[in-house]
Each structure stands twice: as structure tokens, then as C-alpha cells.
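Overview (structure and organization)
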Amino acid sequence: MAASPDIVDSRLQRLTAWYQPVVDLNTGRVCGFEVLSRLVSADGSVASAGRLMEELEREPEAQYVLIRRLLTGVRDDIVPLFARRPEFYVSVNIPPAVLGTGRIGEIIRDLGLERWLTRLVVEVTERQALSDMGRAGIDVARSLGIAVALDDFGTGHSGLSQFVGLDLDMLKIDRSLLVSILENRAAARMLRGIVGLAAALRLRTVAEGVESWEQAFFLRAAGVDQGQGFFWSRAVPVQEAAALLDRGFGHTLERPSAG
Ligand code: G
Ligand code: MN
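Cut-off values and rules
Residues numbered from 1 in each chain as written. Chains lettered and ligands numbered in written order. Predicted model: local features only at pLDDT ≥ 70, side-chain atom pairs only at ≥ 80, totals over all residues. Heavy atoms only, no water. Donors = N, O, S within 2.8 Å, 3.2 Å for Na, K, Ca; no water. Helix = DSSP H or I, 4+ residues; strand = E, 2+ residues; numbered from the N terminus. Buried < 20%, exposed > 50% of the residue type's maximum accessible area, 1.4 Å probe, protein only. Pairing = 2+ DSSP bridges. Near = heavy atom within 4 Å. Polar contact = N/O pair within 3.5 Å; in protein donor to acceptor, adjacent residues only side chain to side chain. Areas by Shrake-Rupley, 256 points an atom, 1.4 Å probe, with all protein chains shown as cover. Nonpolar A, V, L, I, M, F, W, Y, C, P; charged D, E, K, R; others polar. Salt bridge = Lys/Arg side-chain N within 4 Å of Asp/Glu carboxyl O.

Quick look at the coordination of the manganese ion (ligand 2) now. Distances from the manganese ion (ligand 2) to its protein donors, Glu34 (OE), Asn93 (OD1), Glu123 (OE) and Asp151 (OD), fall at 2.1 to 2.3 Å. For the manganese ion (ligand 2), the donor residues sit on a single chain with the sequence spacing E-x58-N-x29-E-x27-D. In this pair, Glu34 is assigned in strand 2 (residues 30–40) and Glu123 in strand 5 (residues 120–125), connecting sequence segments 89 residues apart. Given the relative accessible area of 4%, Glu34 is considered buried. Judged by its relative accessible area of 2%, Glu123 falls in the buried class.

The following block contains the structure:
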């Protein structure tokens, strides 16, 4: 049952778009941001929106309102930075229920985002099996000129066959595949295998959930293009995001001096 727009709005009122930087592993520059939802209270305290997100998963109309809200954040926060900095992108997690219906085009028109389509990335999760609607959604995004990233790669129960023939641009390697790369040779080999697969498919790779310098160093050596995770930064509000864009993380890729 679809909730009424009013109820949806009251639950989403405190929802704010925050931005987690994605770092180019070769240069240390910020090459993109993933938009993540946070609940910001009147007193300024910030909470995860995880529970609300789970609740909304079953409500297509609420998801539409949510995506609209996040993309409004992108327009207000990020578009002014796009004009100033040519090379970074913004990625948004968009559920098949929104992407597959074609209503994403409507949101983009309403918000005047047509000019910035090539700077947008849509993340489609691999967690659930990809529905026909999800497949249709990928086609919609590509026809608009938006790049598509396969999110949470490695967690799916779905197998590779469902991705055959899909027009993808990026592979986001799930953090669960990173946890043992430093201790476990089989895990390290699997990671290198995924990098090989991505190269064969001409997909850029992003490693998610990078928490240590050792992981970042390994990933760079393994040929992963980009990294995202607490090692560099959590999701931050736009003012901080802009500062990170200017500063970059080049220093984090130097080998730490002993002592
Ligand atoms: O799958 P998706 O990309 O939507 O996941 C984003 C989530 O992962 C966010 O809730 C974010 O806070 C969390 N996250 C981001 N970086 C890290 C990290 O380095 N370690 C852990 N454990 N979680 C992270
Ligand atoms: Mn994601």
C-alpha cells in the first residue's frame, strides 16, 4: 500500500544529503562523491538513516520522494561545485522501482539537471536479483547519458549471468571482499581476479569500505582505480566536501614513515 505523500514527507523532512568522497588511488585526488542519506535534527545532531531506508524499501512512492529529495540536495550543493571543478562525479543509489519506471527523467527535468548528466552516476545494487525493472532502469539511465555502477559487487546471490550484456561503467567492490585480503591469499587472489574481470569488461573499479592504509596500498597495487571508506573520510556535509575536493588525499598514499 502506498503511503500518502504527507506521511512520506513528514518522515523525510529531516533527511539530508551528505557526501562520502571517492579517491583516485593513483593521484589521491577526490574523483567523486557518493550521496548518502543522514537524519539531521534541529539541534544539529546527526543519525544514520538506515532504519528509515529499510522501511522505505517496500514503498515505491516513498522511494520516489526520497530520490527527489537527494537529487535536490545535489542540485543545491554540488552543481555550484561542478562548474568550478571539471573532473569529479556524484553517484546516487537509485532503486529499480524509481529507475525502471522512467520517472528519473522527470526528476532530472524538474530540477534542471540535464546539463550535468555526464557528471552523474547511478548505483544499482547487486544485493537483490536484478529485476526486469532494474534492467529497464539501467537502459533508461544509459539512454539519458548517465553512467551506471554496479553496487555491492560480491554480495549478490545472483551469479554473474544476470549481468551479461548489461551496459555498465563501474564496479563497486563490496567491503566484505576487502576484510581478509591482507591475511588470506585466496581472498587476495579473488580480488585480483575481479580487477581482471573488470578490465576485460572495461569497467572502472571502486573499492568500498577501505579502512586502513595497508588496504589502500594493496588495492592500488592490485590495479583498483578508486577507493572509498573511513580511511579517507566518512560522509560529510557539503562545506566539508568542497574542502576535501580542493585538498585531496595525496599525502595518504605515501608510505607512512616508521616510528
Ligand atoms: O552499499 P552502499 O555503498 O550504499 O553503502 C554505504 C554505507 O557504507 C554507508 O552507510 C556508509 O556509512 C558505509 N561505509 C562507508 N565507508 C565505510 C567503511 O570504510 N567501513 C564501513 N564499515 N562502512 C562504511
Ligand atoms: Mn552505494
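Once the structure has been displayed, the description carries forward.
Attention now moves to the pairing of strand 2. Burial analysis of strand 2 places 8 of its 11 residues in the buried class, the great majority of the element. As paired strands, strand 1 (residues 15–24) and strand 2 are joined by 9 bridges and run antiparallel to one another. Following the sheet pairing, Trp18 is matched in strand 2 by Leu36. The turn linking strand 1 back onto strand 2 is made up of 5 residues, and Gly28 within it adopts a positive phi angle of 80°.

What follows covers the site of ligand 1. What surrounds ligand 1 is a group of 15 residues, the closest being Gln20, Asp152, Glu208, Glu211 and Phe230. With respect to ligand 1, the side chain of Gln20 contributes an N or O atom lying 3.0 Å from a nitrogen atom. Across the complex, the protein chains shield 75% of the 530 Å² of accessible surface that ligand 1 would expose by itself. Within the residue set of the shell around ligand 1, elements represented by two or more residues are strand 2 and strand 6 (147–153). Sorting elements by how many residues they give to the shell around ligand 1 places strand 2 first, with 3 residues. Taken together, the residues of the shell around ligand 1 break down into 3 nonpolar, 4 polar and 8 charged.

A separate point is the pairing of strand 4 (residues 89–93). A regular strand places its side chains on the two faces of the sheet in alternate fashion. Burial analysis of strand 4 places 4 of its 5 residues in the buried class, the great majority of the element. Where strand 2 lies against strand 4, 3 bridges are found, and the strand directions are parallel. The partner of Phe33 across the bridge, within strand 4, is Val90. Where strand 4 meets strand 5, 4 bridges bridge the pair, whose relative direction is parallel. Across the sheet, residue Val90 finds its bridge partner in strand 5, namely Leu120.

This part takes up the pattern of salt bridges. Side chains that differ in charge, positive against negative, can pair when their charged atoms come close. Using the criterion set out here, one finds 10 salt bridges in the structure. One salt bridge connects Arg85 with Asp246, and the closest N-O pair in it is separated by 2.8 Å. Note that Arg85 is positioned in the loop between helix 4 (79–84) and strand 4 and Asp246 in helix 10 (residues 238–247), a separation of 161 residues in sequence. The buried category is assigned to Arg85, whose relative accessible area is 15%. For Asp246, a relative accessible area of 47% corresponds to the partly exposed category. With its nearest N and O atoms 3.4 Å apart, the salt bridge here joins Asp167 to Arg142. Taken together, the residues span a long stretch of sequence, with Asp167 in the loop between strand 6 and strand 7 (170–173) and Arg142 in helix 7 (residues 132–144) at a distance of 25 residues. The exposure class assigned to Asp167 is partly exposed, which follows from its relative accessible area of 39%. The partly exposed category is assigned to Arg142, whose relative accessible area is 25%. Each of Glu34, Glu123, Lys172 and Glu208 takes part in salt bridges that share partners, so that together they form one network.

Limitation: the analysis is restricted to geometry and does not speak to function.
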